[in-house]
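Descriptive structure summary
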Amino acid sequence: MSKRDYYEVLGVSKGASDDEIKKAFRKLAIKYHPDKNPGDKEAEEKFKEANEAYSVLNDKQKRARYDQFGHAGMGGAGSASGNPFEGFNYGGQSFNFDFGGGGFEDILGSLFGMGGGFRGARRGRDYRTTCTIDFNEAIFGVTKKVSIDGKEISLKIPAGIYDGQSIRLNGRGGPAPQEGGQRGDLYVEIRVRAHKTLTREGNLILSEVTIPMVDAVLGTEVDVETVDGTVTMKVPAGTQPGTNFKLNGHGAPRVGSEERGPQIVTINIEIPKKLSKKQKDLMEQFRDSKKRGLFA
């Protein structure tokens, strides 16, 4: 199901001010808040939709990207199927995703003192550990060695995994306390090191490039760092500060999918703090020319 336009969701125009956006969201939040509509699934969905729209339109950078690229400039999170908790098979190894904690069964297990989950005393304890990978390794996937109690396990980490996401390996935890019982599971929390110049938002990769004022006026080409290497990008004449450019296919994939999102490059303009006399005279001539309407 395709998403509705965020402005349509809030009932405001594309030129709406920040105050208008806040007022529109507040009105919808009060109307559809789950506390006011207990058990009403439709109201709950409308509340989530309004909250998502507001989180984008209330952020200047996200709003600028949305105005230029639509939903494609937002970068969704989760797996290819849309369910971030859904498991899948990767490289002959069974994976299930967990975003902190072992789930409902482990909560019950801890309440009843069963250690490794609510599956009875015949099941072994769950093990937990962490694995740190580089930014690029999270984009392309990698195989790492994980040591548990001196047992070294080869862990295949899929492309597109997020920082803080956990991988569950069934049956790789503690041994069963009784004969014929099941081993526990192993939860490996993935930590992703920050990149020096790139950041990630869902399946988007975000970066910034600063160019001199003259290059923004006349147009230029710039080298952009991507996870695939350096890419040359054209910046057309008259580019304004904060303009976004999209490099298709240089973003991150969703887990379980080979398709990658784009990289969004934001242009910053460098304004010189000091000018030579000749440069200053040229700028004065340019300003006078604009006043006479030659550049209107």
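Use the structure listed above.
Summary of the structure given here. Everything numeric here is computed off the predicted structure, so don't read it as measured data.

1. Some thoughts on the overall build of the protein
When you go through the protein residue by residue, the secondary structure sums to 8 helices and 13 strands. The proportion of buried residues among the 296 residues of the protein is 37%. Taking as baseline every contact in the protein between residues at least 6 positions apart, the subset at least 24 positions apart corresponds to 57%. Summed over its atoms, the accessible surface of the protein is roughly 17,800 Å², and 50% of this surface lies on carbon and sulfur atoms.

2. Here we look at the nonpolar core
Ranked by internal contacts, the top residues of the largest apolar core, which has 21 residues, are Tyr-6, Leu-10, Val-12, Ile-21, Leu-57 and Tyr-66. Contributions of two or more residues to this core are made by helix H1 (6-10), helix H2 (18-32) and helix H3 (41-57). Look past the residues within four positions of Val-12 in its chain and what remains in contact with it is Tyr-7, Glu-20, Ile-21 and Ala-24. In terms of nonpolar packing, the next biggest core, distinct from the first, is built from 15 residues, Ile-148, Leu-155, Ile-161 and Leu-186 among them.

3. A few points about the packing of H3 against helix H4 (residues 60-69)
When two helices pack together, their arrangement is given by the angle between the helix axes and the distance between those axes. Direction vectors running N to C along H3 and H4 enclose 100°, while the axes themselves pass 6 Å from each other. Viewed along their axes, H3 and H4 adopt a mutual orientation that is roughly perpendicular. Contact residues: H3 offers Ser-55, Val-56 and Leu-57, while H4 offers Lys-62, Arg-63 and Tyr-66. Residue composition of the contact of H3 with H4, by class: 3 nonpolar, 1 polar and 2 charged.

4. A look at the sheet that holds strand S8 (residues 199-201)
Spatially, S8-S9-S13-S12 is the arrangement adopted by the 4 strands of the open sheet, whose pairing is mixed. A strand with exactly one partner marks an edge of an open sheet, and here the two such strands are S8 and strand S12 (244-247). On average, each strand axis in the sheet is inclined to that of its neighbour by 35°, with strand direction left out of account. As judged from the 3 bridges shared by S8 and strand S9 (residues 204-212), these two strands associate in the antiparallel manner. Bridged to Glu-201 within S9 is Leu-204.

5. As for a nonpolar patch on the surface
Judged by side-chain polarity, Val-214, Val-217 and Leu-218 come together as a nonpolar surface patch covering roughly 300 Å² of accessible area. By the secondary structure assignment, Val-217 is in helix H7 (residues 213-218). Taking relative accessible area as the criterion, Val-217 reaches 49% and is therefore assigned partly exposed.

Thresholds applied
Residues numbered from 1 in each chain as written. Predicted model: local features only at pLDDT ≥ 70, side-chain atom pairs only at ≥ 80, totals over all residues. Heavy atoms only, no water. Helix = DSSP H or I, 4+ residues; strand = E, 2+ residues; numbered from the N terminus. Buried < 20%, exposed > 50% of the residue type's maximum accessible area, 1.4 Å probe, protein only. Contact = heavy atoms within 4.5 Å. Areas by Shrake-Rupley, 256 points an atom, 1.4 Å probe, with all protein chains shown as cover. Core = buried A, V, L, I, M, F, W, Y, C linked by side-chain atoms within 4.5 Å. Axes fitted to C-alpha atoms, helices over the stretch in contact; angles between N-to-C directions. Parallel < 35°, antiparallel > 145°, perpendicular 65-115°, else oblique. Nonpolar A, V, L, I, M, F, W, Y, C, P; charged D, E, K, R; others polar. Pairing = 2+ DSSP bridges. Patch = residues over 30% accessible without salt bridge, like charges linked within 9 Å, V, L, I, M, F, W, Y side chains within 5 Å. Salt bridge = Lys/Arg side-chain N within 4 Å of Asp/Glu carboxyl O.

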